[in-house]
Amino acid sequence: MSQRECARLETRNGQAVNLLGVRLSGDLRGLMFEACVEQRFCNPSDRNVEVVYRFPLPWGAVLLGVDVVLGDKHLTGAVVEKKQAEARYEEALSEGDAAIMLERHSDHSYSLNLGNLAAGEPCTITLRYAQTLQFEQRGLRLLIPTVIAPRYGDALQDGGLMPHQVPSHSLIADYPFELELRLHGELALARAASPSHPVGIAHVQEGASGVLTVSLARRAALDRDFVLVVDQLAHDSMAVVARDCVEPERVAILASFCPRIPAQGSTATAVKILVDCSGSMAGDSIDAAKRALQAIVLQLGTGDRFALSRFGSTVEHRARGLWKATETTRLAAQRWVGELEADLGGTEMESALSSTFALAQTVSSDVLLVTDGEISAIDRTIESAKASGHRVFVVGIGSSPAEAHLRRLAEATGGSCDFVAPGEAVEPAVLRMFARLRSPRLSDLRLAWPAGITPEWVSPLLPSVFDGDTVNVFAWLRQAPTGDVRLLGQRSGDEAPQEIGRAVLTGEPETADTLSRMAASVRFHSAGSTVTRGKPADAIRLAVDYQLVTDKTNFLLVHERADGEKASDMPVLQAVEQMLPAGWGGTGSVMFSRSSAGAPTAPAVFRSVRRSSINLRSLDNDLELPAFLRRHADSVEADDTHHWAESEHYSGLTPLGVSEWLRTTPVSEWPTTYQGLRQMGLGAWLVDWLELTMATHGGAVHDEQMVVEAFLYLMSRRETRASLAKSEGLLSAFRFTVQRLRGLFASDPAGKSTRVDRSLVAAMAEALEGMTASAWPDGVLGLGSAVDEACDEPAGF
């Protein structure tokens with residue numbers, strides 16, 4: 001795109017577009033990925049501007065350098081203490097000079113401030129970063145974030161941002177994205193594919209194994225994360241040693257272990273499944289979540305127990321305890337998943353997790369969270385999760401999930417995190433997650449170093465390790481070591497810790513500064529690090545010595561212009577608007593993206609809007625009311641406690657309310673499905689009893705319509721209604737109803753008068769004995785044998 005073309009582009013507010021595009025090139029060698037990100041800017045306006053651009057970098061990425069080409073000048077800067085950088089930056093702008101400042105936020109995103117960019121002036125900023133990856137179940141996944149999605153919550157108070165750093169999003173923004181990756185060594189012989197973008201893959205012969213190149217096959221934009229999956233890999237533990245770039249007499253070590261943890265027979269799993277149904281999940285994300293959940297349900301086996309919950313602004317639990325995994329409960333779970341919609345408003349993740357932690361506290365269980373993680377802050381949620389004692393396993397969904405938030409939550413609780421891009425097969429991620437869920441829990445996890453070796457510092461080990469997943473450990477030593485470093489862990493029942501991984505320390509230390517700076521970054525950000533905890537001066541010194549951009553240090557570059565080139569006025573602030581992530585919130589679909597061939601004639605989000613993502617029910621508030629209130633408000637009163645109950649354990653029609661609804665509603669409009677019963681106004685726990693207990697009465701699996709018809713037949717009987725209308729106490733008269741029904745069936749042996757299953761009606765009548773006009777029996781609301789009795793809470797109102 002030429003400078004002249006750029007000058008014709010404007011945002012919806014009439015501001016000139018300053019970001020011309022982004023190009024990334026990178027090299028992947030084993031577990032080390034090094035990349036260069038080239039950001040191209042211009043100022044097509046007729047006055048000086050200050051460009052603010054917020055962008056993401058991958059989880060664990062360490063910024064190694066910033067190179068700047070301003071006009072025709074090549075410039076370099078340095079990392080300095082944060083307050084010093086901010087003061088010098090503002091001073092440079094007031095003096096008419098150009099300045100560039102880069103700062104890091106708590107969510108691992110960055111803000112670039114490009115001050116006093118002159119009229120018509122171009123600027124190219126190249127960021128160099130490195131990150132260590134992890135082999136997971138014989139595969140490697142490289143995720144390169146490109147865009148920050150809208151996030152729920154207060155970005156200023158919760159996210160710690162300044163007003164000019166809060167990203168705004170535009171439906172018409174369109175920034176080109178280019179990419180080229182090179183895979184070296186054994187990776188060049190592996191199978192590679194991208195579920196997020198169409199790519200071209202070629203093998204170039206260089207040396208013994210050659211290089212595998214991956215590039216985008218079509219035009220792409222900054223509207224989704226780039227994902228590369230490399231599988232069919234065989235990985236062993238390894239170690240890399242390098243001279244420290246600040247203290248050459250010291251060495252930095254990266255030991256990467258691939259744990260082998262033998263299974264201890266078949267392991268039953270107790271898991272609470274919590275799925276995000278907030279508005280941001282609409283469209284592609286909820287579709288991917290439902291596919292993931294269906295795959296999760298299929299993985300539940302005999303002996304497993306599970307709970308189902310969904311959340312947004314509120315949280316809805318499908319059951320109050322853990323269900324036993326049976327054919328009936330799996331079928332109920334599949335129905336529940338099939339009916340999920342992203343219709344619960346905002347993303348109140350902290351309260352939803354707290355409510356889920358409180359379920360079935362008498363049994364040790366984990367939480368499996370399915371979400372895009374789009375919230376402004378995660379710190380309080382992490383502290384709450386750690387205090388609960390639950391491990392949180394996360395399946396990240398969407399074209400731009402909040403990777404840093406989700407990985408921090410999983411790692412802090414001893415869980416793990418996996419991601420599924422729109423259109424990607426979910427089964428591999430689910431299989432990996434269940435392998436971790438069933439993996440033996442280890443205690444006393446530690447390292448055993450060669451004799452005579454005492455590290456100066458070692459990065460903390462994660463609370464949990466899993467079979468086949470890489471464990472990366474950084475360390476500083478005063479001498480180059482030789483020998484083996486072993487990873488030890490102790491399972492329950494073991495008398496002593498067992499070796500689960502071994503890495504060999506050999507060879508002459510490397511001289512490149514990448515490894516030592518990555519070790520310094522890990523030390524700076526390690527929870528409880530003696531360098532950073534309570535010693536801000538030491539932390540700042542560490543970051544400056546190793547040139548790390550942190551929450552205490554910024555990158556700063558000041559270009560003093562000649563007297564005739566200095567700005568005569570303060571620059572106009574222009575924030576680069578983010579593209580809306582593809583498929584976000586149901587506004588479009590990745591399947592019909594702007595990356596398709598040909599120049600778009602309209603923004604992709606407009607071309608790809610899916611009718612199915614529009615919730616027509618939200619257009620009419622009356623439709624949120626239970627069906628019996630909408631259709632028969634004259635006969636069943638909403639505020640009549642005889643007809644409707646609201647309590648912690650039950651919300652819905654009372655027995656008398658059901659009878660009255662049936663009396664005033666034509667039979668042709670009666671429901672025939674469990675979902676129809678819920679829409680009618682029947683409480684969730686009562687529908688669960690029908691679906692999970694009565695549907696398997698007598699050892700047979702009864703058809704859904706048969707169960708519903710039997711229940712409605714029983715509740716519509718004149719004797720039932722009469723008993724309910726007469727009594728507020730226990731219905732001793734209901735026993736007479738049971739006897740009358742048996743007499744009716746005996747007089748009609750051919751069943752000509754009714755299609756209902758007689759055994760089901762009789763069983764329901766016996767189970768409902770003891771109900772009152774305003775309350776269902778405790779045993780019914782407890783779900784009977786379908787729920788682990790040890791996990792049940794007291795039923796009732």
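Notes on the structure in this doc start here.

What counts, and at which threshold
- Residues numbered from 1 in each chain as written.
- Predicted model: local features only at pLDDT ≥ 70, side-chain atom pairs only at ≥ 80, totals over all residues.
- Heavy atoms only, no water.
- Helix = DSSP H or I, 4+ residues; strand = E, 2+ residues; numbered from the N terminus.
- Buried < 20%, exposed > 50% of the residue type's maximum accessible area, 1.4 Å probe, protein only.
- Polar contact = N/O pair within 3.5 Å; in protein donor to acceptor, adjacent residues only side chain to side chain.
- Contact = heavy atoms within 4.5 Å.
- Salt bridge = Lys/Arg side-chain N within 4 Å of Asp/Glu carboxyl O.
- Axes fitted to C-alpha atoms, helices over the stretch in contact; angles between N-to-C directions.
- Parallel < 35°, antiparallel > 145°, perpendicular 65-115°, else oblique.
- Left-handed = near helix turned anticlockwise from the far one by under 90°.
- Nonpolar A, V, L, I, M, F, W, Y, C, P; charged D, E, K, R; others polar.
- Pairing = 2+ DSSP bridges.
- Core = buried A, V, L, I, M, F, W, Y, C linked by side-chain atoms within 4.5 Å.

Here we look at the side chain of Lys272
Assignment of secondary structure puts Lys272 in strand E21 (residues 270-276). The buried category is assigned to Lys272, whose relative accessible area is 1%. A polar contact of 2.4 Å, which involves the side chain of Lys272, links it to the backbone oxygen of Leu359. Discounting residues that sit within four places of it in the chain, Lys272 has contacts with Ala307, Leu322, Thr356, Phe357, Leu359, Ala360, Ser365, Asp366, Val367, Leu368 and His390.

A closer look at the side chain of Ser278
If you trace the backbone, Ser278 turns up in the loop between E21 and helix H3 (284-299). In this structure Ser278 comes out as buried when scored by relative accessible area, which is 0%. A polar contact is formed between the side chain of Ser278 and the side chain of Asp276, at a distance of 2.7 Å. Those residues in contact with Ser278 that lie beyond four places of it in its chain are Phe311, Gly312, Ala342, Gly345, Gly346 and Thr347.

Some thoughts on the pattern of salt bridges
Under the criterion given, the structure shown has 49 salt bridges. Here Asp67 and Arg128 are joined by a salt bridge, their closest N and O atoms 3.5 Å apart. Here Arg128 lies in strand E9 (residues 122-132) and Asp67 lies in strand E4 (residues 62-70), a separation of 61 residues in the sequence. Classification of Asp67 by relative accessible area gives partly exposed; the value is 31%. The salt bridge partner of Arg441 is Asp366, with a shortest N-O separation of 2.7 Å. Highlighted residues: Arg441 in the loop between helix H8 (427-437) and strand E28 (442-448) and Asp366 in strand E25 (residues 366-371), separated in sequence by 75 residues. Several salt bridges converge on common partners, so that one network encompasses Arg318, Arg335, Glu339, Arg678, Asp688, Glu691 and Glu704.

Brief notes about the packing of helix H6 (residues 379-388) against helix H7 (residues 403-412)
The contact between H6 and H7 brings their axes to 9 Å, and the two run at 20°. In terms of their interaxial angle, H6 and H7 are classed as roughly parallel. Two packed elements cross with a definite hand, and for H6 against H7 that hand is right-handed. Residues Asp379, Thr381, Ile382, Ala385 and Lys386 of H6 pack against Arg408, Leu409 and Ala412 of H7. When its residues are assigned to classes, the contact of H6 with H7 shows four nonpolar, one polar and three charged.

Here's the deal with the sheet that holds strand E18 (residues 226-231)
Read across the sheet, four strands follow the order E10-E11-E18-E14 without closing on themselves; strand pairing throughout is antiparallel. Only two strands of the sheet have a single neighbouring strand rather than two, namely strand E10 (135-136) and strand E14 (191-193). Pairing of E14 with E18 involves three bridges; the strand directions are antiparallel. Residue pairing for E18: Ala193 is matched across the bridge by Val229.

Considerations on helix H13 (residues 655-664)
Taking burial as the measure, the ten residues of H13 include eight buried ones, the bulk of the element. For H13, every residue scored as buried is listed here: Pro655, Leu656, Gly657, Val658, Ser659, Glu660, Trp661 and Leu662.

Some words on the nonpolar core
Membership of the largest hydrophobic core comes to 62 residues, with the highest contact counts inside it found for Leu24, Phe33, Tyr129 and Leu181. Among residues more than four places away in sequence, those in contact with Leu181 are Leu24, Gly26, Phe33, Leu142, Ile144, Leu212, Thr213, Val214, Phe226 and Leu228. By size, the runner-up hydrophobic cluster in this structure holds 41 residues, among which are Ala295, Val297, Leu344 and Val370.

Observations concerning the environment of Pro777
Along the chain, the position of Pro777 falls in the loop between helix H19 (758-767) and helix H20 (778-781). Expressed as a C-alpha distance, the spacing of Pro777 and Ala767, which sit ten residues apart in the sequence, is 8.1 Å. Setting aside residues up to four positions removed in sequence, Pro777 forms contacts with Ala767, Leu768, Glu769, Gly770 and Met771.

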